[in-house]
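The chain contents come next:
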Amino acid sequence: MGVEAHATNERVTGRRWTVRLDPVGRGRADVRVSCSRPACAAQVLPSAAAGRTAAIAHLKAHLRAGPAPRPSVHCACRAEECHTHIRPAGPRERPVPWRCGGAVVLAVITDREGRWWQVLECCSRCAAAHPTAKVVATAQAAEAPPRGDGFRADAPARATPGGPAATTPAFSAVGPHFSHSAAATGTAVPGTAVPQQASGPRTSAPRSARPTRKRPPRGRIAQRLVPHDLRPVALRDELTELGELFRAYQARTEPDLAVLADLHARKAEAFHAWAEVTADTGLRLDAQRAEQAAATARLQHLHRIGQAPDGEGPAVARLLTAPAQWNHARAVLAHVAENAPLPGAEACLLVLMVTLRTAQSGVGNLVGQDIKGLPLRDPEQLVGQLVESGWLGIPGTVEELIASRPESPTRISVPSLTPDEDDPGPFTFGRKLRPKLSGWAQRVVGEKKLRKGKTEADVRLLALALATGADGEGRLGPAGEGIGLDGLSSWCSVDPAGLPDLVDRLSAADWLAEADVTDTLLTGRLTERVLPLGCPLT
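1. A short note on the overall build of the protein
Here is step 1: A tally of regular secondary structure across the protein gives 17 helices and 15 strands.
Here is step 2: Expressed as a percentage of its 538 residues, the buried residues of the protein come to 42%.
Here is step 3: Of the contacts formed within the protein by residues at least 6 apart in sequence, a portion of 63% connects residues at least 24 apart.
Here is step 4: Counting only carbon and sulfur atoms, one obtains 52% of the accessible surface of the protein, whose full area is about 29,200 Å².

2. Concerning the sheet that holds strand E15 (residues 521-526)
Here is step 1: Strand order in the open sheet formed by 3 strands is E13-E15-E14, with antiparallel pairing between adjacent strands. Taken across any chain shown, the strands that pair with only one partner, and hence form the sheet edges, are strand E13 (483-484) and strand E14 (512-517).

3. Quick notes on the pattern of salt bridges
Here is step 1: What the rule picks out here adds up to 22 salt bridges.
Here is step 2: Each member of the salt-bridge network shares a partner with another, and the members are Arg224, Asp280, Asp286 and Arg289.

4. Considerations on the nonpolar core
Here is step 1: Ranked by size, the top nonpolar core spans 73 residues in total, and within it Trp440, Leu466 and Trp511 carry the most contacts.
Here is step 2: Element by element, the count of residues in this core is highest for helix H9 (residues 345-358), at 10 residues.
Here is step 3: Grouped together as the second largest cluster of nonpolar side chains are 19 residues, Leu235, Leu257, Leu263 and Leu283 included.

5. Things to note about the packing of aromatic side chains
Ring pairs (aromatic) are described by centroid distance and by the angle formed between their planes.
Here is step 1: Within this structure, the stated rule accounts for 2 aromatic pairs.
Here is step 2: Here the aromatic rings of phenylalanine 271 and tryptophan 274 are separated by 5.5 Å at their centres, their planes lie at 80°, and the arrangement is edge-to-face. Here phenylalanine 271 and its partner tryptophan 274 are both found in helix H6 (residues 257-278), 3 residues apart, which amounts to about one turn of the helix.
Here is step 3: Classification of phenylalanine 271 as buried rests on a relative accessible area of 0%.
Here is step 4: Residue classification places tryptophan 274 among the buried residues on the basis of a relative accessible area of 5%.
Here is step 5: Seen from their ring centres, phenylalanine 427 and phenylalanine 429 are 5.6 Å apart, and the 25° between their planes marks the pair as stacked. Across this residue pair, the class does not change: phenylalanine 427 and phenylalanine 429 are buried.

6. Concerning the pairing of strand E11 (residues 363-366)
Here is step 1: Side chains Gly364 and Leu366 of E11 all project onto a buried face; the interleaved residues Val363 and Asn365 project onto a face where none is buried.
Here is step 2: Two strands pair when backbone bridges link them, and E11 and strand E12 (residues 410-413) are joined in this way by 4 bridges, in the antiparallel orientation. Within E12, the residue paired with asparagine 365 across the bridge is arginine 411.

7. Details of helix H15 (residues 457-467)
Here is step 1: Counted residue by residue, H15 has 11 buried out of 11 residues, so it is predominantly covered.
Here is step 2: Turning to H15, its buried residues are Ala457, Asp458, Val459, Arg460, Leu461, Leu462, Ala463, Leu464, Ala465, Leu466 and Ala467.

8. Let's talk about the sheet that holds strand E3 (residues 43-45)
Here is step 1: Pairing within the open sheet is antiparallel, and its 6 strands lie in the order E3-E2-E1-E7-E6-E8. Either end of the sheet is taken by a strand with one partner, and the two such strands are E3 and strand E8 (134-138). Here the average twist between neighbouring strands, direction ignored, is 20°.
Here is step 2: As judged from the 5 bridges shared by strand E1 (residues 16-23) and strand E2 (residues 31-35), these two strands associate in the antiparallel manner. Each bridged residue has a counterpart across the sheet, and for proline 23 the counterpart in E2 is valine 31.
Here is step 3: Docked against the sheet, helix H2 (residues 48-65) engages E1, E2, E3, strand E6 (104-110), strand E7 (116-123) and E8, running at close to 170° with respect to E1.

9. A word on the confidence of the model for the protein
Here is step 1: Of the residues in the protein, 77% have a pLDDT of 70 or more, and the chain-wide mean is 79.
Here is step 2: Taken as a whole, residues 1-9 scores under 50 in pLDDT and shows 7 contacts with residues more than four places along the chain or in a different chain.
Here is step 3: For the stretch residues 144-205, pLDDT sits under 50, and the model shows 124 contacts to residues farther than four places along the chain or on other chains.

10. Re a negative patch on the surface
Here is step 1: Together, Asp378, Glu380, Glu399 and Glu400 give the surface a local cluster of negative charge.
Here is step 2: Turning to its location among the elements, glutamate 380 is positioned in helix H11 (residues 379-388).

11. Notes on the side chain of histidine 58
Here is step 1: Note that histidine 58 resides in helix H2.
Here is step 2: Here histidine 62 takes part through its side chain, which lies 3.0 Å from a polar atom of the side chain of histidine 58.
Here is step 3: Those residues within four positions of histidine 58 in sequence are excluded, and the remaining contacts are Val19, Cys35, Cys40 and Gln43.

12. Things to note about the environment of arginine 330
Here is step 1: Locating arginine 330 in the fold gives a position in helix H8 (residues 323-339).
Here is step 2: Accessibility expressed as a relative area gives 18% for arginine 330, which makes it buried.
Here is step 3: Considered as a pair, arginine 330 and alanine 465 are 135 residues apart in the sequence and their alpha carbons are 8.4 Å apart.
Here is step 4: Ignoring anything within four residues of it in the chain, the contact list for arginine 330 reads Thr468, Cys535, Pro536 and Leu537.
Here is step 5: In terms of polar contacts, arginine 330 uses its side chain to reach the side chain of asparagine 327, at 3.0 Å.

13. Let's talk about the pairing of E6
Here is step 1: In terms of burial, E6 is a largely internal element, 7 of the 7 residues being buried.
Here is step 2: Taking every second residue as pointing to the same face, both faces of E6 are buried, with Val104, Leu106, Val108 and Thr110 on one and Val105, Ala107 and Ile109 on the other.
Here is step 3: Relative to E7, E6 runs antiparallel, the two sharing 7 bridges. Within the sheet, the bridge partner assigned to valine 105 lies in E7 and is cysteine 122.
Here is step 4: Taking the residues between adjacent antiparallel strands as the criterion, E6 and E7 are bridged by 5 residues, where glycine 114 takes a positive phi near 70°.
Here is step 5: Note: E6 against E8, 4 bridges, orientation antiparallel. Looking at E8, one finds that leucine 106 is bridged to alanine 137.

14. Focus on the state of the cysteines
Here is step 1: One pass over the full model with this rule turns up 0 disulfides.
Here is step 2: We note that cysteine 492 lacks a disulfide partner, and the nearest cysteine sulfur, in cysteine 348, lies 8.2 Å from it.
Here is step 3: Looking at cysteine 492, the relative accessible area reads 0%, which means it is buried.

15. A closer look at the packing of helix H13 (residues 433-445) against H15
Here is step 1: One way to put it is that H13 packs onto H15 with a least axis distance of 9 Å and a crossing angle of 125°. Here H13 lies oblique to H15, going by the angle between them. H13 and H15 meet at a crossing whose hand is right-handed. Counting all contacts with H13, which are made through Trp440, Ala441, Val444 and Val445, the residues of H15 involved are Arg460, Ala463, Leu464 and Ala467.

Conventions and cut-offs
- Residues numbered from 1 in each chain as written.
- Predicted model: local features only at pLDDT ≥ 70, side-chain atom pairs only at ≥ 80, totals over all residues.
- Heavy atoms only, no water.
- Helix = DSSP H or I, 4+ residues; strand = E, 2+ residues; numbered from the N terminus.
- Buried < 20%, exposed > 50% of the residue type's maximum accessible area, 1.4 Å probe, protein only.
- Contact = heavy atoms within 4.5 Å.
- Areas by Shrake-Rupley, 256 points an atom, 1.4 Å probe, with all protein chains shown as cover.
- Pairing = 2+ DSSP bridges.
- Salt bridge = Lys/Arg side-chain N within 4 Å of Asp/Glu carboxyl O.
- Core = buried A, V, L, I, M, F, W, Y, C linked by side-chain atoms within 4.5 Å.
- Phe/Tyr/Trp six-rings, centres within 6.5 Å; stacked < 30°, edge-to-face > 60°.
- Axes fitted to C-alpha atoms, helices over the stretch in contact; angles between N-to-C directions.
- pLDDT = per-residue confidence, 0-100.
- Patch = residues over 30% accessible without salt bridge, like charges linked within 9 Å, V, L, I, M, F, W, Y side chains within 5 Å.
- Lys, Arg positive; Asp, Glu negative; His and termini not counted.
- Charge placed at Lys NZ, Arg CZ, Asp CG, Glu CD.
- Polar contact = N/O pair within 3.5 Å; in protein donor to acceptor, adjacent residues only side chain to side chain.
- Disulfide = S-S within 2.5 Å.
- Parallel < 35°, antiparallel > 145°, perpendicular 65-115°, else oblique.
- Left-handed = near helix turned anticlockwise from the far one by under 90°.

This is how it looks when you write it as structure tokens:
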């Protein structure tokens, strides 16, 4: 006994080191990656994601370069009497540390937030006690020293009689893959074995020391489980990886439509291949939906960065950026043309601007400059007529409305636009879009050359109509075939015979190019200067 105790005392304590990820300072995005090994210098990375990547790479480099676990070392956890995993005590029992036992392993534990990674050279039982432990390598079994009284809890597992010792490679061929998500779920590292938790002292070799055949984990994508026996293996791996990438994208704080489009494109291709293998119609339909999602996300990305969808040149940086916004703008113009309470271009223009101020709830704010900035010969009389007709409601007099300033706007109401339980109103866009549409109309009506040319209300109404009646390249009408004169004359409240004069004035203001008025159609295109104000036909 004395000789054996002396031999135990001479055993070397297992290795232990930690890689940490810490913030550099309060309010800063950069982080510091440090390693407890004395030869490793700290690194400063610009973001937590970059720091986590560097920390994992640093840890992997140590694991690849370092020696395999030694079967005769003292368990690093046992040196601390296993305070980190004490067996729960009963009503009349004292807490007792779990006894060390099993083969010596090299394990990696991490916190659930992915802020530090610690490597321990410990016994398999202690590794199993850590919920986040991943076993990287297992030491070869060694013969225990002779003993006179039976069991020793910290002795390495011995070879079974009549057969070779249970051994595993010194290191996993794949290498550890540590991250915050893997730590949070406790998922085992591919290519490694996590020892089973022991319920008490055992004299046989632990489960982690025995060679076991483990079924690969099943992936999940789009609420579907990827079969572990799916062939070809490359397809199974692609589906599993795509599921992880989609979940990582959902955890992002900021969207990236280019990345999302690429993911949907890969998903469509993988689901097409999956459908061919399994002859599943549902998978084929999912692949088609993924193709549509990829096209939509890519188009939205191009709109955001100002590039043409076909990639041939820069797109127009439009004031209204989405097809839904363009359609809502056309809906407002059509509603005003059909429901204006007074005739004439000036009345139609004023009704349009007031409608855009009150479209969402039927009420809004108006100041005198909003009315005086329009090309109206007698704004007070026109506002009075709208009030007398019952279409417009104001709390005071017309003179007070005209004199109101931005610091004290007048609260106006339009009863026909006020929603109730039976009538939600003529428009379906939300609160955030209403000011965008109002700002767009003001930019068109108050465009610099139209304002300097002192153009009348009918010319500015025609400019609004043409801005919503051209295609993406500025050509008037669907596919550049032109716009009917009857619809334009109705919208501008002028006789069709007066339209050529309005077209000439827009051409002089550098709004139209190649304009041609026939008996039924107006053809031509918007100039490059005003394309940002357009709402292309889709």
